[in-house]
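So you can see what is in the structure, the chains are spelled out below.
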Amino acid sequence: MTSFERFLINLDTWSAGALLRIGLGLCILPVFRLLSGGDDRIVVVLAMFLALLLALRLVPAVCRRVLPFSREAKDLWFKRRNLGKRYDSYQWQKLFWMGLGMLPYALISPGLGRGEIMLLAICTIGGGAGLLLWRRTGQLSVGAATAKATKLPPAAVASTPP
């Protein structure tokens with residue numbers, strides 16, 4: 001596995017994944033407001049969010065298919081996708097970090113629309129519940145779960161501290 005592949009794989013471990021999703025959350029509300037032209041309807045914000053979630057799934061899938069990644073990296077990503085299929089909480093916990101990233105914008109914004117409030121609530125409350133349920137599975141992180149599932153040496157996959 002190349003160092004670039006290791007870098008990409010480690011982007012989905014606890015600290016790096018959380019920071020990336022917080023950064024994404026920081027951008028979501030202002031970008032959605034710009035794209036919607038200030039339209040305050042819940043349906044518009046939720047449709048844009050669903051489109052974002054779809055893009056977050058499709059872009060990596062296309063990259064995995066088009067770019068020449070090693071078999072080891074592809075197997076690792078396959079196991080992580082299966083982990084997500086097995087535990088809904090694994091996917092929902094990611095929303096928590098996006099919601100956490102939306103909070104600073106919500107605090108300094110002159111006023112959030114109903115759609116923005118709904119999205120923030122879904123991400124923080126639903127994601128927080130997912131995070132708690134994911135912790136209850138006994139798998140402290142995707143890194144630990146991936147290392148266990150793939151039998152990689154601990155240095156190959158970063159894991160979450162307890």
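Fair warning: this is a prediction, and the values are worked out from it, not measured in the lab.

*Asks:* Explain the side chain of lysine 94 residue by residue, including any values.
*Replies:* Positionally, lysine 94 belongs in helix H5 (residues 88-108). Notably, lysine 94 is buried but unbridged: the nearest opposite-charge side chain belongs to aspartate 12, and the N-O separation is 4.4 Å.

*Asks:* Before we move on, can you summarise the UniProt feature "transmembrane region" (unreviewed entry) in the protein chain with the specific residues and values?
*Replies:* As recorded in UniProt, the sites labelled "transmembrane region" (unreviewed entry) are residues 12-35, 41-59, 95-111 and 117-134. Taken end to end, residues 12-35 comprises 92% helix and 0% strand; its first and last C-alpha atoms sit 28 Å apart. The span residues 41-59 carries 95% helix and 0% strand; its end-to-end C-alpha distance comes to 27 Å.

*Asks:* How would you sum up the nonpolar core? Please name residues and give values.
*Replies:* As a rule of thumb, soluble globular proteins bury nonpolar side chains together. In this structure, Ile28, Phe32, Phe49, Met98, Met102, Leu119 and Cys123 are the most contacted members of the largest nonpolar core, which totals 16 residues. Of all the elements in the fold, those that place two or more residues in this core are helix H2 (14-36), helix H3 (42-66), H5 and helix H6 (114-136). Contacts of methionine 102, omitting those with residues within four sequence positions, involve Gly25, Leu26, Ile28, Leu29, Leu119, Leu120 and Cys123. Listed in part, the 5 residues of the second largest apolar core include Ile9, Phe69, Ala73 and Leu76.

*Asks:* Tell me about H2, and name the residues and values.
*Replies:* Here H2 is 23 residues long and its end C-alpha atoms lie 32 Å apart, about the 33 Å a rise of 1.5 Å per residue gives. In H2, a bend of some 30° at isoleucine 28 exceeds every other bend along the element, and proline 30, a proline, comes one to four places later. Here H2 has its buried residues at Gly17, Ala18, Arg21, Gly25, Ile28, Leu29, Phe32 and Ser36. Residues of H2 that are buried sit in contact with H3, H5 and H6. Immediately downstream of H2, the backbone of glycine 37 shows phi near 65°, a positive value.

*Asks:* I'd love a proper account of the packing of aromatic side chains, names of residues and values included.
*Replies:* Per the stated rule, a full pass over the model turns up 2 aromatic pairs. Measuring from ring centre to ring centre gives 4.9 Å for phenylalanine 69 and tryptophan 77, while their planes differ by 85°; the resulting arrangement is edge-to-face. The pair phenylalanine 69 / tryptophan 77 is uniform in exposure class, with both members buried. For the pair phenylalanine 96 and tryptophan 97, a centre-to-centre distance of 5.0 Å together with 75° between the ring planes defines the contact as edge-to-face. Residue class for tryptophan 97 comes out buried when judged on its relative accessible area of 16%.

*Asks:* Before we move on, could you go through the packing of H2 against H5 and cite the residues and values that matter?
*Replies:* Orientation of H2 relative to H5, taken along the N-to-C sense of each, is 50°, at an axis distance of 7 Å. One finds that H2 runs oblique with respect to H5. As for the relative orientation of H2 and H5, their crossing is right-handed in sense. Contact with H2, carried on its side by Trp14, Ala18, Arg21, Ile22, Leu24, Gly25, Leu26, Ile28, Leu29, Pro30 and Arg33, involves Lys94, Trp97, Met98, Leu100, Gly101, Met102, Pro104 and Tyr105 of H5 and no other residues of that element.

The rules behind these values
Residues numbered from 1 in each chain as written. Predicted model: local features only at pLDDT ≥ 70, side-chain atom pairs only at ≥ 80, totals over all residues. Heavy atoms only, no water. Helix = DSSP H or I, 4+ residues; strand = E, 2+ residues; numbered from the N terminus. Buried < 20%, exposed > 50% of the residue type's maximum accessible area, 1.4 Å probe, protein only. Lys, Arg positive; Asp, Glu negative; His and termini not counted. Salt bridge = Lys/Arg side-chain N within 4 Å of Asp/Glu carboxyl O. UniProt positions renumbered as here; feature names shortened; annotations may be inferred. Core = buried A, V, L, I, M, F, W, Y, C linked by side-chain atoms within 4.5 Å. Contact = heavy atoms within 4.5 Å. Expected span 1.5 Å × (residues − 1). Bend = angle between axes of the 7 residues up to and from the residue. Phe/Tyr/Trp six-rings, centres within 6.5 Å; stacked < 30°, edge-to-face > 60°. Axes fitted to C-alpha atoms, helices over the stretch in contact; angles between N-to-C directions. Parallel < 35°, antiparallel > 145°, perpendicular 65-115°, else oblique. Left-handed = near helix turned anticlockwise from the far one by under 90°.

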